[in-house]
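# Secondary and tertiary structure notes
Okay, here's what each chain looks like letter by letter:
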Amino acid sequence: MDYNFTKIEKKWQKYWDENQTFKVDTDNTKPKYYVLDMFPYPSGAGLHVGHPLGYIASDIYSRFKRLCGFNVLHPMGYDAFGLPAEQYAIQTGQHPAITTNENIRRYRNQLNKIGFSYDWDREVKTCDPGYYKWTQWTFIRMFKHWYNNKTNKAEPIGDLIKIFEKEGNKNVDAASSDVKTFSAEEWNSMSEKQQQEILLCYRLAYLADTMVNWCPALGTVLANDEVKDGVSLRGGHPVEQKQMRQWLLRVTAYAERLLEGLEKLEWSDSLKEIQRNWIGRSEGASIRFGILPSEGKEKIDEKIEVFTTRPDTIFGATYMVLAPEHPLVDKVTTAEYKDAVSDYVQETGKKTERERLAEAKSISGQFTGAYARHPFSEDPLPIWISDYVLAGYGTGAIMAVPAHDSRDYDFAKHFDLPIKEVISGGDISEGSYDSLEGKVINSDFLNGMPVRKAIETVIKEFEKKGTGEGKVNYRLRDAIFSRQRYWGEPFPVYYKDDMPYVLEENKLPLVLPEVDAYLPTEKGEPPLARAKNWVTEDGHPLELSTMPGFAGSSAYYIRYMDPHNENKLVSEEANRYWKNVDLYIGGTEHATGHLIYSRFWNKFLYDTGVVCMEEPFNKLINQGMIQGRSNFVYRIKNSNKFVSYNLKDKHDVTPIHVDVNIVQNDILDIEAFRKWNPEYEDAEFITEDDGKYHCGYAIEKMSKSMYNVVTPDDIIDQYGADTLRMYEMFLGPLEHAKPWDTNGIDGVHKFFRKVWKLFHDEKGRFSLSSEKPSPEELKILNKTIKKVRDDIERFSFNTSVSAFMICVNQLSSLKCNKSKILEDLLIILSPFAPHIAEELWEMCGKKESIANAAYPEYNPEYIKDDEIKYPITFNGKMKLTLEFPADMEPSEIEESVLNDENVKKHIGEKKVRKVIVVPNKIVNIVI
RNA sequence: GCGGAUGUGGCGUAAUUGGUAGCCGCGCCAGACUUAGGAUCUGGUGCCUCACGGCGUGGGGGUUCGAGUCCCUCCAUCCGCACCA
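Attention here is on the structure that accompanies the text. Residue indices begin from 1 for each chain and proceed along its sequence in written order. Just so you know, chain letters begin at A and ligand numbers begin at 1, following the order they were written in. Per-residue local features are limited, in this predicted model, to residues with pLDDT of at least 70; the limit for side-chain atom pairs, both in listing and counting, is 80 or more; totals at the level of whole chains, interfaces and linings are taken over all residues. Calculated side-chain values reflect all of the structure's heavy atoms, with hydrogen atoms and water omitted.

## Comments concerning the protein's contact with RNA strand B
Quick note on the threshold: Nearness of a residue to a molecule or strand requires only that one of the residue's heavy atoms be within 4 Å of it. Here a polar contact is recorded for every N or O atom pair within 3.5 Å, except that within protein the pair must consist of a potential hydrogen donor and a potential acceptor, and residues adjacent in sequence are included only if both atoms are side-chain atoms. Only runs of H or I of at least four residues qualify as helices and only runs of E of at least two qualify as strands under DSSP, and these elements are numbered from the N terminus.
Around RNA strand B, 45 residues are found, and the nearest of them are T308, T309, R407, L731 and R753. Counting only the atoms of RNA strand B that lie within 4 Å of the protein, the sugar and phosphate share comes to 62%. With respect to RNA strand B, the side chain of T308 contributes an N or O atom lying 3.0 Å from a sugar or linking oxygen. Separating a base nitrogen of RNA strand B from a side-chain N or O atom of Q664 is a distance of 3.4 Å. If you list the elements that add at least two residues to the surface near RNA strand B, you get helix 10 (269–279), strand 11 (304–308), helix 23 (745–758), helix 25 (797–813), strand 31 (877–885), strand 32 (914–918) and strand 33 (922–926). Per-element accounting of the surface near RNA strand B gives the leading share, six residues, to helix 25.

Given below as structure tokens:
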């Protein structure tokens, strides 16, 4: 009987499904292990061969852990809300739920064919009301909490109100928006609306007017991680800055904990570094500058607050710069400069984010006519506006120190502003001196101090005078949480007297309503404004925005622990058992989005006692991208003639992508090519000496337009799922990006046929022997057990595949068909190739699934070598090998080596200066 | 510009602790079987050289009995951030 992978794989996939082999429950008699894949967004294009790479790795690990006696949670689901389905709905009028469900069905189908050990009972879909109920629930909880910097955790807003009633907010240290100080009396005499307005400044989910990334083409606001190089990540549409009233999550409250938490995580250094950069912690000082009265203007009480990492250079500040969007711009500008300033503000406001980035190098700015007062010298400092100061970072204002900041230097040179050196060590006629090395000069009480000492000293001085204090600033910004779109979670929010209130928890889920079109209304309101009766029972209007993509993915790993619980996000029992994710596998593209948001989300749930672990993902591995390998044919210009790769330079040619499925080992199937496109039906070909047409190749992104897409379905049809799984692992280290080349797959497929053959005689009959294994056979098996186990534990799956090949090659040449050897081999092979392992396991007479077997222990006794083959090197170069007993003394080895005829030949006339014998390793003779 | 990673045969890669560089597979070459081969099996295959031998892990330098591995320096590629005050 042949190795009929199609039949075998269908059979076992059905078996696992019918027998619920991979269904798991909490089981206190076994240790738990939680293996998670980043769940996919089910796109219309389906899976290509690159997508399942991480899923295969995690499946191997899950099955391995299971064989080792762990109770393994290994679920899968879908990130089902999102823009592509909605864009498609706009084009076709079809409800996005229909498209999404079709895509999900297709994904599920594709995934099933690969033979994953998922517990499909726990499947979640973020667009399912039973699921997003808990996304809405968590939002309500965030609305009802504030962040107390004193206790360093989220606390109920009710506790905050009690403090306000008793003593106002002067003793409250909270992560909050800008809010004025008020007393208990003031609080108690406020209207409900005023109180609500103040509470919004404290809530962890809050409504505020902020500058947002507005994408006109998508008709929605985007978060920072959804914008790259001034265009939307999805679709590449231009993004502009716009002031809008939006929901935000106060992620910044957790900035320090998000940063500290990284230390304990087993994530790659590069990923941690990306997160550290994104959080962007910098230490410095917050300094307030008074504003000098200008002629013909009323006195301005407000101060310009700046953040600087170099307060030591305070005496070098020669001017101030506000971002054009800064709220004080209008107030400080004098009559004389009014027009010039408003022109400048308008001009920069018109630019999209992209234009602003493109013009980053060109210097522009405008003087306002006003002056600030230097906190120590009291010198007047001219106040400028310029777009080199960003509204969104720090306070949107800076003190400019041209002598020691290159941007300020360029600006000062351009507008001929004074440059004052205050740190020695540079040459300010050449450029700014930004280094921390040097002593402070020209700086009154700071003179002579090294930089670090000066920073410390000046901060104390500011604090004494009340004009500033030490401060830690973060680049991380609060996450904008509103999207003016249809296909997302509705906010459980209604408005009363223009103030937002959240729904009672028992009203959840607030189900996404039907609309007549998925477009904004004529008034420019979001699509939900089209819904009939989009109001509460009492007639209060409901929020029209929906939540962003990251909402649903921020806690899905928690929901998997207890997916059918209707009363809780997760039961205490399930959460205490499964705790958090032990191994998380997914792409780096989520480094600054999902992986920050879900850490924030999880910390909030931890603070409020919903989950027991502070970090969601202990170990994280980023699988590398699988790239496409494109093939080219070369058409001679203005003809329908194609010239083979090695002859192409003799002609003027245009390279054209050709479908990789009609090319094998870079040889074009000419007939298939003619049929591929009617245009080429009559094409002529200039072939090479071998009569073949050779194609060129390039490594590119796998995409339809490059004709290099390979789907798992095609591979499975031709070679089977076990071959696909094994080959994906064989390609190289999991983390590396590497090209997919179907041509190499034969080697892996041959391997499986060899495995099959080990269990069958020449006539193809199943045949095993119950004889006692030989020492050689035991050595081969035990070496493989050890190697494969070690490799899996360090996620080096590619090397375990070659270990299997070596093992099977060796057993084949020994014609080993002993069940004592082959049964263990099947167990260790089963995580990689579960279908063939199950089939042969059953043929061995086993009644239960191999998934329930126990991983074999290797016996070191079988691996020991009695004789060691010593490489004999001369000055480190290997020339020959000699065998000696493993326990032979180094001095005896040295003597025997030097007496060996071949060694003597190599030494010749030269003198032996030294002999190094490393026991069981090597001999080196220095001559 | 800053930060991170990676550079080994024609290709994907291996060498876990400083100890035989190139395991395993693809491709290629030769042979066997065959009416046939996109089947199977056997052998070979880093480069230069008829050979003896020499050279080889991006380049240069260093430490060491011994370096793909450690140190210095330069180069290339990829990824992230980028007026972040």
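## Regarding the sheet that holds strand 33
Spelled out, the test is: Here a strand pair is declared whenever DSSP counts at least two bridges between the two strands. Orientation is described by axes fitted as lines to C-alpha atoms, over the contacting stretch for helices, and by angles from 0 to 180 degrees between their N-to-C directions. The contact rule is simple, with two residues in contact once any of their heavy atoms fall within 4.5 Å.
Sheet architecture is open: four strands sit in the order 31-30-33-32, paired in mixed fashion. Each edge of the open sheet carries a strand with a single partner, namely strand 31 and strand 32. Between one strand axis and the next, the sheet turns through 20 degrees on average, direction left out of account. Strands strand 30 (867–874), strand 31, strand 32 and strand 33 of the sheet are contacted by helix 29 (residues 890–899), whose axis makes an angle of about 125 degrees with strand 32.

## Comments concerning a positive patch on the surface
Cut-off, in case you're wondering: Note on patches: the residues involved have over 30% relative accessible area and no salt bridge, like charges join within 9 Å, and the nonpolar side chains Val, Leu, Ile, Met, Phe, Trp and Tyr join within 5 Å. Using a 1.4 Å probe, accessible areas were evaluated by the Shrake-Rupley method; residue-level cover was limited to the displayed protein chains. Take a side-chain nitrogen of Lys or Arg and a carboxyl oxygen of Asp or Glu: if they are within 4 Å of each other, that pair is a salt bridge. Only four residue types enter the charge count: Lys and Arg as positive, Asp and Glu as negative, with His and the chain ends excluded. Charged side chains are reduced to one point each, which is NZ for Lys, CZ for Arg, CG for Asp and CD for Glu. Accessibility here uses a 1.4 Å probe with only protein chains present; expressed as a share of the type maximum, an area under 20% marks a residue as buried, one over 50% as exposed, and anything in between as partly exposed.
A cluster of basic side chains, namely K750, R753, K754 and K757, defines a positive patch on the protein surface. If you trace the backbone, K754 turns up in helix 23. When its relative accessible area of 35% is taken as the criterion, K754 is described as partly exposed.

## Topic: the side chain of S630
For S630, the position within the fold is in strand 22 (residues 626–636). Among the polar contacts made by the side chain of S630, one reaches the side chain of E700 at a distance of 2.5 Å. Of the polar contacts made by the side chain of S630, one reaches the side chain of N708; its length is 3.0 Å. When near neighbours in sequence (up to four residues on either side) are disregarded, S630 contacts H657, V660, G696, Y697, A698, E700, M706 and N708.

## A look at unusual backbone geometry
Backbone torsion omega between L508 and P509 reads 0 degrees, so that peptide bond is classified as cis. Inspection of the secondary structure puts P509 in the loop between strand 19 (499–502) and helix 16 (549–553). The backbone of D416 sits at a positive phi, close to 60 degrees, despite the residue not being glycine. When you line up the elements, D416 lands in the loop between helix 14 (406–415) and helix 15 (451–465). In this structure, N638 takes a positive phi of about 60 degrees despite not being glycine. Topologically, N638 is positioned in the loop between strand 22 and strand 23 (641–643). According to the relative accessible area criterion, N638 is exposed, its value standing at 85%.

## Focus: helix 10
Operational definition: Working definition: the arc comes from the directions between the helix axis and the C-beta atoms, pointing outward to the latter.
Among the residues of helix 10, L271, K272, Q275 and I279 are the ones counted as buried. Projected down its long axis, helix 10 carries its buried residues within an arc of 100 degrees, all on one side. Residues of helix 10 that are buried sit in contact with helix 9 (255–261), strand 10 (281–291), strand 16 (468–474), helix 19 (594–607) and strand 21 (617–622). Note on helix 10: the residue one or two positions beyond its end, G280, has a positive phi of about 55 degrees.

## Looking at the nonpolar core
Our working definition: Working definition of a nonpolar core: buried Ala, Val, Leu, Ile, Met, Phe, Trp, Tyr and Cys residues. They are joined through side-chain atoms within 4.5 Å.
Counting 188 residues, the largest nonpolar core has L249, F481 and L825 as its most contacted members. Excluding its chain neighbours within four sequence positions, the residues that come into contact with L825 are L758, L781, F804, C807, V808 and L811. Formed by 38 residues, the second largest nonpolar core is a distinct cluster that contains I314, M320, F376 and V422.

## Re the pairing of strand 30
With six of its eight residues buried, strand 30 lies for the most part within the structure. As defined by bridge partners, strand 30 adjoins strand 31 across eight bridges and the pair is classed as antiparallel. Residue pairing across strands places K869 opposite E883, the latter belonging to strand 31.

## Description of the packing of helix 22 (residues 721–730) against helix 27 (residues 834–843)
Stated precisely, the cut-off is as follows: Relative orientations are named as follows: roughly parallel for angles under 35 degrees, roughly antiparallel for angles over 145 degrees, roughly perpendicular for angles from 65 to 115 degrees, and oblique for any other angle. Amino acids are sorted into nonpolar (Ala, Val, Leu, Ile, Met, Phe, Trp, Tyr, Cys and Pro), charged (Asp, Glu, Lys and Arg) and polar (every other residue, Gly among them).
Where helix 22 contacts helix 27, the two axes come as close as 7 Å, and the packing angle between them is 130 degrees. With respect to helix 27, the element helix 22 is oriented oblique. For the pair helix 22 and helix 27, the contacting residues are A721, D722 and R725 in the first and P834, H835 and I836 in the second. When its residues are assigned to classes, the contact of helix 22 with helix 27 shows three nonpolar, one polar and two charged.

## So, the pattern of salt bridges
The tally for this structure, following the rule as stated, stands at 46 salt bridges. Of the charged contacts in the structure, one is a salt bridge between E839 and K11, with a shortest N-O distance of 2.9 Å. Of this pair, E839 sits in helix 27 while K11 sits in helix 1 (residues 5–19), placing them 828 residues apart in sequence. Classification of K11 as partly exposed rests on a relative accessible area of 35%. Note that D865 is salt-bridged to K779, the shortest N-O span being 2.3 Å. Here K779 lies in helix 24 (residues 775–793) and D865 lies in the loop between helix 28 (860–863) and strand 30, a separation of 86 residues in the sequence.

## Some remarks on the sheet that holds strand 20 (residues 581–586)
The strand order across the open sheet formed by four strands is 2-1-20-21, and the pairing between neighbours is parallel. Strands with a single pairing partner mark the edges of an open sheet, and in this sheet they are strand 2 (71–73) and strand 21. Shown here is a sheet whose adjacent strand axes are inclined to one another by a mean of 20 degrees, direction ignored. Judged from the three bridges that link them, strand 1 (residues 32–37) and strand 2 form a sheet pairing that is parallel. Counterpart to Y33 in the pairing with strand 2 is V72. The sheet contacts of helix 2 (residues 52–67) involve strand 1, strand 2 and strand 20, and relative to strand 1 the element is tilted by about 170 degrees. Helix-sheet contacts for helix 19 involve strand 20 and strand 21, and the interaxial angle to strand 21 is about 175 degrees.

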